[in-house]
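# Descriptive analysis of the structure
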Amino acid sequence: MSEFLEAMAFRHACKKFDAEKQIPAEQFESILEVARLSPSSFGMEPWRLIVVRNAGLRKALKPSCWNQTQITDASELVIFTTDNNVVRSGTRYVKDMFSRRGLPSEAVETYMGVYKNYLAPIESDEVLLENWTAKQCYIAAANMMTYAATLKIDTCPIEGFDKENVEAILDLPEGHSVALICAFGYRVNPQSERKRLTAEQIIEYR
Ligand SMILES: Cc1cc2nc3c(=O)[nH]c(=O)nc-3n(C[C@H](O)[C@H](O)[C@H](O)COP(=O)(O)O)c2cc1C
């Protein structure tokens, strides 16, 4: 089996992390680097990652995360937040993100126009905009989880939280929101049997 498929088989949504076992610093840094290198729509990189290491803050977050033990027991806890203001069309940030490609100014203007058209129906609604930036975070999180599995590090993506409460506890700046939480560490219990639909059930060829 390829190393990639081995990692896919190793990865599972870890329910109980060993609270005593720490991920070596350089390995966790490489997991964060995988997030940074992940693709995003139009290359806007809307994600802003918060690594929660403070035990008191973890404890404060737990009740708003369905009391899931991963919040306090995982070696590292990453909260994917997004900056939804900077990615609005026409901002300095958007212009800089296109300009950094080294394009001539007319090409930058063209990109800005295409971007504006694309984003218009999305940015007119705060929830749609939050969902759009959140989608980018899910790609980064998926890459991080699979990469972590190559290092025999366990993970759990966490959507089971009260968004408003978590945002209030983190005291996020205006226009920022929480997309997803991901816990990283080491399993206590063996992986349970994997349940999946069959290929026939989910894939159609036309
Ligand atoms: C976006 C997302 C959110 C999830 N949220 C939670 C969660 O809050 N708590 C949890 O224990 N598992 C959570 N899971 C894990 C899923 O339940 C799990 O991936 C699924 O049942 C398949 O099991 P496996 O990942 O172990 O193969 C989440 C998974 C995804 C992709």
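Our subject is the structure listed above.
First, a word on scope: everything that follows refers to the structure included in this document.

Criteria and thresholds
Residues numbered from 1 in each chain as written. Predicted model: local features only at pLDDT ≥ 70, side-chain atom pairs only at ≥ 80, totals over all residues. Heavy atoms only, no water. Helix = DSSP H or I, 4+ residues; strand = E, 2+ residues; numbered from the N terminus. Contact = heavy atoms within 4.5 Å. Areas by Shrake-Rupley, 256 points an atom, 1.4 Å probe, with all protein chains shown as cover. Expected span 1.5 Å × (residues − 1). Buried < 20%, exposed > 50% of the residue type's maximum accessible area, 1.4 Å probe, protein only. Arc of directions from axis to C-beta. Near = heavy atom within 4 Å. Polar contact = N/O pair within 3.5 Å; in protein donor to acceptor, adjacent residues only side chain to side chain. Phe/Tyr/Trp six-rings, centres within 6.5 Å; stacked < 30°, edge-to-face > 60°. Lys NZ or Arg CZ within 6 Å of the ring centre and 35° of its normal. Pairing = 2+ DSSP bridges. Axes fitted to C-alpha atoms, helices over the stretch in contact; angles between N-to-C directions.

Across its full length, the protein chain carries nine helices and four strands. Counting from the amino terminus, helix and strand elements in the protein chain follow one another as α-α-β-α-α-β-α-α-α-β-α-β-α. If you line up the protein chain on its principal axes, its C-alpha atoms span 55 × 50 × 35 Å. Considering only contacts in the protein chain between residues 6 or more positions apart, those separated by 24 or more positions represent 78%. Surface exposure of the protein chain reaches about 11,600 Å², of which carbon and sulfur atoms provide 55%.

Our focus in this paragraph is helix H2 (residues 25–36). Taking 1.5 Å of rise per residue, 12 residues should cover 16 Å, and H2 covers 17 Å from first to last C-alpha, within 8% of that figure. Listed as buried for H2 are Phe-28, Ile-31, Val-34 and Ala-35. Down the axis, H2 shows its buried residues gathered within 105° of arc, on one side only. With respect to the buried face of H2, the exposed residues turned more than 90 degrees away are Glu-26, Glu-29 and Arg-36. On the buried face of H2, the contacting elements are strand S1 (47–51), strand S2 (76–83), helix H7 (126–150) and strand S4 (176–185).

A few words on the site of the ligand. The environment of the ligand is made up of 14 residues, and the closest members are Arg-11, Ala-13, Lys-15, Gln-68 and Arg-196. Within the backbone of Glu-159, an N or O atom sits 2.9 Å from a nitrogen atom of the ligand. At 2.9 Å from an oxygen atom of the ligand is found a side-chain nitrogen or oxygen belonging to Arg-196. Coverage of the ligand by the protein amounts to 64% of the 620 Å² it exposes when considered alone. It is strand S3 (residues 154–158) that contributes the most residues to the shell around the ligand, three residues altogether.

Overall, the coordinates contain eight aromatic pairs when judged by the stated rule. On the numbers, 6.4 Å between centres and 55° between planes, the contact of Tyr-118 with Trp-132 is tilted. Residue Tyr-118 is found in helix H6 (residues 105–123), and its partner Trp-132 is found in helix H7; the two are separated by 14 residues along the sequence. Since its relative accessible area comes to 39%, Tyr-118 is described here as partly exposed. Among the aromatic residues, those joined into a cluster by ring pairs are Phe-42, Phe-98, Tyr-111, Tyr-115, Tyr-118 and Trp-132. Just above the ring of Phe-10 sits the side chain of Lys-152; from NZ or CZ to the centre is 5.0 Å.

The next point concerns the sheet that holds S4. Where strands meet in a sheet, backbone hydrogen bonds hold them as pairs that are either parallel or antiparallel. Strand order across the open sheet formed by four strands is S1-S2-S4-S3, with antiparallel pairing between neighbours. The open sheet has two edge strands with one neighbour each: S1 and S3. Taking each pair of neighbouring strands and ignoring which way they run, the sheet shows an average axis angle of 25°. Alignment of S1 against S2, held across five bridges, turns out to be antiparallel. For Arg-48, the partnering residue across the bridge sits in S2 and is Thr-81.

Take Gln-136: it is sitting in helix H7. Overall, the relative accessible area of 5% leaves Gln-136 in the buried class. If we skip the residues at most four places from it in the chain, Gln-136 touches Ser-40, Ser-41, Pro-46 and Trp-47. Of the polar contacts made by the side chain of Gln-136, one reaches the backbone nitrogen of Ser-41; its length is 2.8 Å.

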